[in-house]
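The primary structure of each chain is shown beneath.
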Amino acid sequence: MASHTISNQDMIAPHVPVAPGRRYSARVDGAASARVFAIPGRNADVALLGAKPAFAEMLLVGRPNMPDRATFMGRIDRMFDSGRLTNRGPMLLEFEERVARIAGTRHCIATCNATVGLELAISALGMAGDVIVPSYTFVATVHALWRQGLRPVFCDINPKTHCLDPDSVEAAITSRTTGILAVHMWGNTCATHALEDIAERHGLKLLFDAAHAFGCGTKKRAVGGYGDAEVFSFHATKCVHALEGGAIVTDDSDLAGRLRLMVNFGFSDEDTVKHLGTNGKMSEASAAMGLTSLESMDAIIAHNRRNYAAYASGLQAIPGISLMSRRMNQQHNYHYIVTEIDAATAGLTRDELVAALRLENVVARRYFYPGCHRMQPYTGLFPQAGRTLPVTEEIAKRVMVLPTGMQVSEAEVGRLTSRIAAIVRQAPAVRAALAQCHDPRLPPFLRQ
Ligand code: T4K
């Protein structure tokens, strides 16, 4: 296992409920507290109940996959030698070519991140007025519309894939609608044919936020060539990354031509500006990381897949916890381990489980709670939006994303799923302990 940077030495002691007449133990390893708080007839195998945390070092969702250091440094050396740091250098061109090949598209325009990529694509497509978008997404998707003066119209999602529900999209179209911005959530390919059909029948632009979906698609077709354009993220927390980075891919040559101008302030040559633009360029250092990361892509996906299988086997018998299934007819990067918690069956809410895991030194995430319609500025603008988004509301309360990637081993997945099983087995005691817990490691939403 690769080394982690946040060590348990930096952490405060795990929560130990203070029994009457006993002193609080500040031992980080929890061993003393386990003796004090062992519950008769139960295994003290939960940190909240006094056991040693499952992990000595933090296990995180989003820890970057580190590619080969020597290869990356070799590229950085070449960058130094050449003096070309940015503005369409040789590594950027190579990166664009390789991304286009994997996406199966004619064009790729690399960007400094996916958020700027989305903003550029929205503008280059001439979207205006209302655009249909899921509320259940990372807020960047919706900000990319709003920051350009477009009005997001939130639509509900499919409960199995967490992607836009085409029926909900069709019902939301009005004369003000100019486009659909769909998200391949968790790398699950959207209902692309249904969305393309709707867009065509209503004369709408169709853009895909493919931030999660590099290396995904159906067996026959990779994500990349659907709709008018698609936008990948190569942020450090993504499966393949470029430190920060993004890419717009499309088969539309006119659109690609406009985007190439727009990503570089609109310049067509050294002093001719032909289009409104911005600085959305990817640097050579990012392209160097992107190329090196691409070289590890197969190994990363194979590792993620093994971790996914370990999660599937470890979670299968735990009541109230289900792992999002991967469709057999899909290519997948297995980058997100998405679980749903049924609180009535598990005996704990998703939030309680996330909190109990923090004391095990595991940072599980509530992505994408509470849905963009409940975040600013959208909640003030559309206070009633939740009424039309029942699936979004439910899913946002249930989803818990667990750590994976090259920094997490199969053995660690096994240890983590055993700990989740123990937490659920002792749900009433865990809930009672949480109610008295003031540990600063608790997530902000449960800190008292
Ligand atoms: N559309 C969708 C659907 C998206 O999910 C995203 C981004 C976008 C668009 C926009 O893409 P970009 O403009 O970012 O290219 C992270 C990422 O910042 C974000 O890119 C991503 N989605 C989102 C799902 O996750 P946070 O706020 O959860 O990241 P953060 O800082 O909490 O990092 C996660 C964990 O990883 C931390 O516990 C620390 C660890 N970490 C993180 C970084 C960056 C490290 O150990 N090292 C690091 O360098 O947003």
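Residues take numbers from 1 onward in each chain, read along the sequence in its written order. Per-residue local features are limited, in this predicted model, to residues with pLDDT of at least 70; the limit for side-chain atom pairs, both in listing and counting, is 80 or more; totals at the level of whole chains, interfaces and linings are taken over all residues. Neither water nor hydrogens contribute to the side-chain values; these are computed over all heavy atoms in the structure.

Counting its secondary structure elements, the protein contains 16 helices and 16 strands. Residue contacts are counted whenever heavy atoms from the two residues lie within 4.5 Å of one another. In the protein, the share of contacts with a sequence separation of at least 24, taken over all contacts with a separation of at least 6, comes to 70%. For the accessible areas, the method is Shrake-Rupley and the probe is 1.4 Å, while residue cover comes only from the protein chains on display. Accessible surface, the protein: about 19,100 Å² in total, of which carbon and sulfur atoms supply 53%. Helix numbering and strand numbering both begin at the N terminus, where a helix is a DSSP run of H or I of at least 4 residues and a strand a DSSP run of E of at least 2.

With that settled, the discussion passes to the site of the ligand. Taken together, 25 residues are adjacent to the ligand, and Thr115, Asp209, His212, Ser233 and Tyr367 come closest. The backbone of Ala114 places a nitrogen or oxygen atom 3.0 Å from an oxygen atom of the ligand. Contact with the protein chains covers 74% of the free accessible surface of the ligand, which is 930 Å². Contributing elements (two or more residues each) for the shell around the ligand: α4 (114-124) and α5 (139-146). Three classes are used, and their members are as follows: Ala, Val, Leu, Ile, Met, Phe, Trp, Tyr, Cys and Pro are nonpolar, Asp, Glu, Lys and Arg are charged, and the others, Gly among them, are polar. Split into classes, the residues belonging to the shell around the ligand amount to 11 nonpolar, 10 polar and four charged. Working definition: residue near molecule or strand if any one of its non-hydrogen atoms lies within 4 Å of it. N or O atoms closer than or at 3.5 Å make up a polar contact, with two conditions inside protein: a donor-capable atom paired with an acceptor-capable one, and, for residues adjacent in sequence, both atoms drawn from side chains.

For the rest of this paragraph, the subject is the pairing of strand β16 (residues 399-402). Every regular strand shows the same layout, with side chains that alternate between the two sheet faces. Burial along β16 is two-sided: the face carrying Val399 and Val401 and the face carrying Met400 and Leu402 are both buried. One bridge is not enough; two strands pair if DSSP finds at least two bridges between them. Direction of pairing for strand β14 (residues 337-341) relative to β16: antiparallel, over a ladder of four bridges. Looking at the pairing, Thr339 lines up with Met400 of β16. For every residue, the accessible area (1.4 Å probe, protein chains only) is compared with the maximum for its type, and the residue is labelled buried under 20%, exposed over 50%, or partly exposed between those bounds.

This part takes up the sheet that holds strand β12 (residues 321-323). With antiparallel pairing, three strands are arranged side by side in an open sheet as β12-β14-β16. Because the sheet does not close on itself, it has two edges, and the strands there are β12 and β16. Direction aside, neighbouring strands of the sheet carry axes that sit 30° apart on average. Lying on the sheet, helix α10 (residues 297-315) is in contact with β12, β14 and β16; it crosses β12 at an angle near 155°. Axis geometry follows a simple rule: fit a line to the C-alpha atoms, using only the stretch in contact for helices, then measure angles between N-to-C directions, giving values from 0 to 180 degrees. Strand contacts of helix α12 (residues 350-358): β12, β14 and β16, with the helix running at about 25° to β16, the strand carrying the most contacts.

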